[in-house]
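Here is what each chain is made of, one letter per residue.
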Amino acid sequence: MDDDGKPVEDHIRPEAGGLSSSVLVLNRIYVPIQVIGAKRALSLLYKDSAEIVTQEEDRICSYDFPRWIELSMNGYAAAQGLDDFVHTPVLRILVPRIIRLRRYDRFPLRAVKFNRRNILARDEHRCQYCGKRLPPSSLSIDHVVPRSRGGKSTWGNVVAACNACNTRKGGRLPHEAAMHPLHAPAPPKRNPLLAEKVAHQRYQVWRQFIDGVGGVDVR
């Protein structure tokens, strides 16, 4: 509770980089299962459904929420090179990079979800015909073998395409349109959104937990 008796998460307001941060969620036995936003993570910590996991030198350490708040207020962030915070009226809370659920021991699905977001991320938001890297709003999903010709909606038959290339190819096969994907489409071994996250310095600490894990859900 805060000084006025309300739950801490009811008071959370963003600071640059704070609520926009992502948090890796581990199950009870330290297997990664999901990536969630900072506000959801802080809510789980406040309810004592999770604890914070950190790497300090060559050790894995864990903290409950009261202890984490204390560390947040006493220079721990600077010592660990962390800088994402959220504010309440009386607290400045460091956003953790990793939390562990106390009572959840299910395993994640190994297959990466087949959806538009993951297809665009797999193809690095790049049109697979002209090579242009574009924002999601300027990209569509093209069936390499068109559905009108029996093509299926599978990882091996869809690619990101800019609207112009998708229109130009139309319902033709690649050899008919003289338009071939830059890379043969295939199922990703790891959630491509997760790979995008880990490319950032702030999420490097996730690597020791996610290596070899495929279908971690990214919210």
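(A) Expanded view of unusual backbone geometry. Despite not being glycine, glutamate 57 shows a phi value in the positive range, around 60 degrees. Of note, glutamate 57 is situated in the loop between β4 (50–56) and β5 (59–63). With relative accessibility at 75%, the residue glutamate 57 sits in the exposed group. The backbone of glutamate 124 shows a phi angle near 60 degrees, a positive value even though the residue is not glycine. Following the sequence through the fold, glutamate 124 ends up in the loop between α5 (116–122) and β9 (139–143).

(B) Here's a closer look at the packing of aromatic side chains. For the structure on display, the rule yields three aromatic pairs. Lying over the aromatic face of phenylalanine 85, arginine 92 brings its terminal NZ or CZ to 3.7 Å of the ring centre.

(C) Structural detail: the nonpolar core. Formed by 26 residues in total, the largest nonpolar core has its most connected members in Ile36, Leu45, Tyr63, Trp68, Ile93 and Ile99. Looking at which element gives the most residues to this core, the answer is helix α2 (residues 38–46), with five residues. Setting aside anything within four residues of it in sequence, one finds leucine 45 in contact with Ala50, Glu51, Ile52, Phe65, Pro96 and Ile99. By size, the runner-up hydrophobic cluster in this structure holds 15 residues, among which are Val53, Ala121, Trp206 and Val218.

(D) Representation of the environment of glycine 18 within the structure. By the secondary structure assignment, glycine 18 is in the loop between β1 (13–14) and β2 (22–26). If sequence neighbours within four positions are ignored, glycine 18 has contacts with Ala38, Asp84, Phe85, Val86 and Val95.

(E) Spatial organisation of the pairing of β2. Among the five residues of β2, five are classified as buried, and the element is accordingly described as predominantly covered. Here β2 shows no split at all, with Ser22, Leu24 and Leu26 on one side and Val23 and Val25 on the other all buried. For β2 and strand β3 (residues 32–37), the ladder comprises five bridges, and the chain directions are antiparallel. Paired with valine 25 across the strands is glutamine 34, a residue of β3. Hairpin connection between β2 and β3: a loop of five residues separates the two successive antiparallel strands, and tyrosine 30 in this loop has a positive phi of roughly 70 degrees. Here β2 runs beside strand β8 (residues 98–101); their pairing, made up of three bridges, is parallel. Following the sheet pairing, leucine 24 is matched in β8 by isoleucine 98.

(F) Inspection of the pattern of salt bridges at higher detail. As enumerated under the stated definition, the model contains 10 salt bridges in all. Arginine 100 is paired through a salt bridge with glutamate 51; the nearest N and O atoms lie 2.9 Å apart. A residue pair is termed long-range when its members are at least 10 positions apart, and arginine 100 in strand β8 and glutamate 51 in strand β4 qualify at 49 residues. Comparing arginine 100 with glutamate 51 shows no difference in burial state: the two are buried. Two residues, aspartate 84 and arginine 97, come together in a salt bridge whose shortest N-O distance is 3.0 Å. On the criterion of sequence distance, the pair formed by aspartate 84 in the loop between α4 (76–80) and β6 (85–87) and arginine 97 in the loop between β7 (92–94) and β8 is long-range, its members being 13 residues apart. For the pair aspartate 84 and arginine 97, a shared accessibility class is recorded, and that class is buried.

Conventions used here
Residues numbered from 1 in each chain as written. Predicted model: local features only at pLDDT ≥ 70, side-chain atom pairs only at ≥ 80, totals over all residues. Heavy atoms only, no water. Helix = DSSP H or I, 4+ residues; strand = E, 2+ residues; numbered from the N terminus. Buried < 20%, exposed > 50% of the residue type's maximum accessible area, 1.4 Å probe, protein only. Phe/Tyr/Trp six-rings, centres within 6.5 Å; stacked < 30°, edge-to-face > 60°. Lys NZ or Arg CZ within 6 Å of the ring centre and 35° of its normal. Core = buried A, V, L, I, M, F, W, Y, C linked by side-chain atoms within 4.5 Å. Contact = heavy atoms within 4.5 Å. Pairing = 2+ DSSP bridges. Salt bridge = Lys/Arg side-chain N within 4 Å of Asp/Glu carboxyl O.

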